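Chain and residue survey
This is what each chain is made of:
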Amino acid sequence: MECKDFLRSWERNGKPSFRERLVSLLHRMKCKECREAHSFMVKLSRALKEEGRSDETFFREMRGRLVEEGRGAGILVSEPLPSRPFFAFPRLLVPLGGALLALVLVFFLLRFPSHRTGVSSDYGVYSWDGMVLVSQLNGDELKAFEEELEGAFGNHPSLVYSLSITPWAEVMDQAFANSRFLPSLFMEERSGRMSEKMEEV
Amino acid sequence: MKTDGELISGFLSGSVQDFEELVRRYEREVYYTALHVVGSREEARDITQEAFFRVLKGLKELNDRERFRSWLLSITVNLARDTLRRESLRGRGDCLGHEVLGGCSDEAFQKLSCLQEREELLKLLALLPSRQRLAVVLRVYNELPFKEVARVMGCEVATARSLFWAGIKEMRKRMGKKDGV
């Protein structure tokens, strides 16, 4: 190993630049001594860095003993937190908060619809597909109607929730804006249990 | 990712997590450095554990926190040397390969021909005198510059450099001997 280039490459601090690597490579192409020495060093480095069988159990136990010792000596004081605490995930909190907010909003909309505010006494009631079932009820009538609905569809809450209660003016606006609502103003009969119950109401 | 300095600050204020992270970051390096130097898993485990116990007790004395790695490796190397010294007193000798290869004789090298390349190289390393072996491990495995190798070994830079090259030369010579070059 008399070649200075090889020695220099191993005595350098830090990683060589691209240019230095290129120069070294070109040099090795023509210098057999450096080529062999470099090949040996690469093999040795690989052999040393290749880790044998895992000693994870030993490492884990050692960390446990160290922490115990540290606590005993009063050097370590804090309690270890779980590695992935649930509330430490801001990414999870955002959708959770959003979902919670939406649930609260839905609850209040269903529980306290706008007619309870007393702004208007005329309401139209129509099903989710736009069919108007009952029209022009005042606040008391609407409340009674809701109670009837609850009585009729108590076992089928999804049917109740599928109904919308909207101020009558809006219903009429929508009806005139979209002619498909108009025939339904005459409470078209629909097949099935829901229509029968509606008639009873 | 926290720097060593940040983890050390956390540890000094009593954080278990920061200390565990610091140990996790260096445990493999300490263990394999010790293993390459002393050549025994059992001894390497003892050295690793003892090194971190010393860290636990002495870290507050470390002034330059960013030099933690080199400080830790110095502890490891000193412990490894103590182990080798003990072994030497027991008559095992400085050359780790004695046990494995049945001495540094020509027959031993003949046996190497049937071994894998990695095992071959590790055994050649084990045959080196301890200081040369240490210089080779610190430079090649730990990738320390010679200045740091010298600091960890507690010698001059020129000494560290000559020990390293002497070790490499010896290994290559033995490799060539084995290959019949």
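Cut-offs applied
- Residues numbered from 1 in each chain as written.
- Chains lettered and ligands numbered in written order.
- Predicted model: local features only at pLDDT ≥ 70, side-chain atom pairs only at ≥ 80, totals over all residues.
- Helix = DSSP H or I, 4+ residues; strand = E, 2+ residues; numbered from the N terminus.
- Buried ≥ 20, exposed ≤ 12 C-beta atoms within 10 Å, placed from the backbone.
- Contact = placed C-beta atoms within 7 Å.
- Expected span 1.5 Å × (residues − 1).
- Arc of directions from axis to C-beta.
- Nonpolar A, V, L, I, M, F, W, Y, C, P; charged D, E, K, R; others polar.
- Axes fitted to C-alpha atoms, helices over the stretch in contact; angles between N-to-C directions.
- Parallel < 35°, antiparallel > 145°, perpendicular 65-115°, else oblique.
- Left-handed = near helix turned anticlockwise from the far one by under 90°.
- Core = buried A, V, L, I, M, F, W, Y, C linked by C-beta atoms within 7 Å.
- Domains from an automatic or database assignment.

**Looking at the overall build of chain B**
Scanning chain B from N- to C-terminus turns up 10 helices and zero strands. When its helices and strands are written in sequence order, chain B yields α-α-α-α-α-α-α-α-α-α. Among the 181 residues that make up chain B, the fraction classed as buried is 42%. Summarising the internal contacts of chain B: among those between residues at least 6 apart in sequence, 61% fall at separations of at least 24.

**Concerning helix α3 (residues 32–49) of chain A**
Each α-helix turn comprises 3.6 residues. Residues three or four places apart therefore point the same way. Residue and element names in this part refer to chain A. With 18 residues, α3 should cover 26 Å at 1.5 Å per step; its first-to-last C-alpha distance of 26 Å lies within 8% of that length. Those residues of α3 not exposed but buried are C34, A37, L44, A47 and L48. Projected onto a plane normal to the axis of α3, the buried residues spread over an arc of 160° and lie on a single side. Facing away from the buried side of α3, by more than 90 degrees, are the exposed residues K32, S39, V42 and K49.

**What to know about the interface of chain B and chain A**
By convention, interface size is frequently given as the accessible area that disappears when the constituent parts associate. Counting residues at the interface gives 29 residues for chain B, matched by 27 residues for chain A. Counting only elements with at least two residues in the side of chain B that touches chain A, the list comes to α2 (16–38), α3 (41–58), α7 (117–126), α8 (130–141) and α10 (157–179) of chain B. Per element, the largest residue contribution to the side of chain B that touches chain A is nine residues, and it comes from α2 of chain B. Tallied by class, residues from the side of chain B that touches chain A come to 15 nonpolar, six polar and eight charged.

**Some details on the packing of α2 of chain B against α3 of chain B**
Residues and elements named next belong to chain B. At a minimum axis separation of 8 Å, α2 and α3 run at an interaxial angle of 140°. Considering the angle they form, α2 stands oblique to α3. The hand of the α2/α3 crossing is right-handed. Between α2 and α3, the residues in contact are V23, E27, V30, Y31, A34, L35 and V38 and R41, E43, A44, I47, T48, A51 and F52, respectively. For the contact of α2 with α3, a count of residues per class yields 10 nonpolar, one polar and three charged.

**Some thoughts on unusual backbone geometry**
All names here are of chain B. One non-glycine residue, E143, lies in the positive phi region at around 55°. In this fold, E143 is placed in the loop between α8 and α9 (146–153). E143 gets classed as exposed once you count the C-beta atoms within 10 Å, which come to 12.

**Comments concerning helix α4 (residues 56–72) of chain A**
Helix length check: α4 of chain A, at 17 residues, gives a terminal C-alpha distance of 24 Å against a target of 24 Å (1.5 Å per residue), a fit within 8%. Looking one or two places after α4 of chain A, you find G74 of chain A, whose phi comes out positive at around 75°.

**A look at the nonpolar core**
Residue and element names in this part refer to chain B. With 58 residues, the main nonpolar core has A34, A135 and V149 as its most contacted residues. With 12 residues, the top contributor of residues to this core is α2. Counting contributing residues, this core receives three or more from each of domain 1 (1–93) and domain 2 (94–181). The residues contacting A34, other than those within four sequence positions of it, are A44, I47, T48, T76 and A80.

Purely geometric numbers; function is a separate question.
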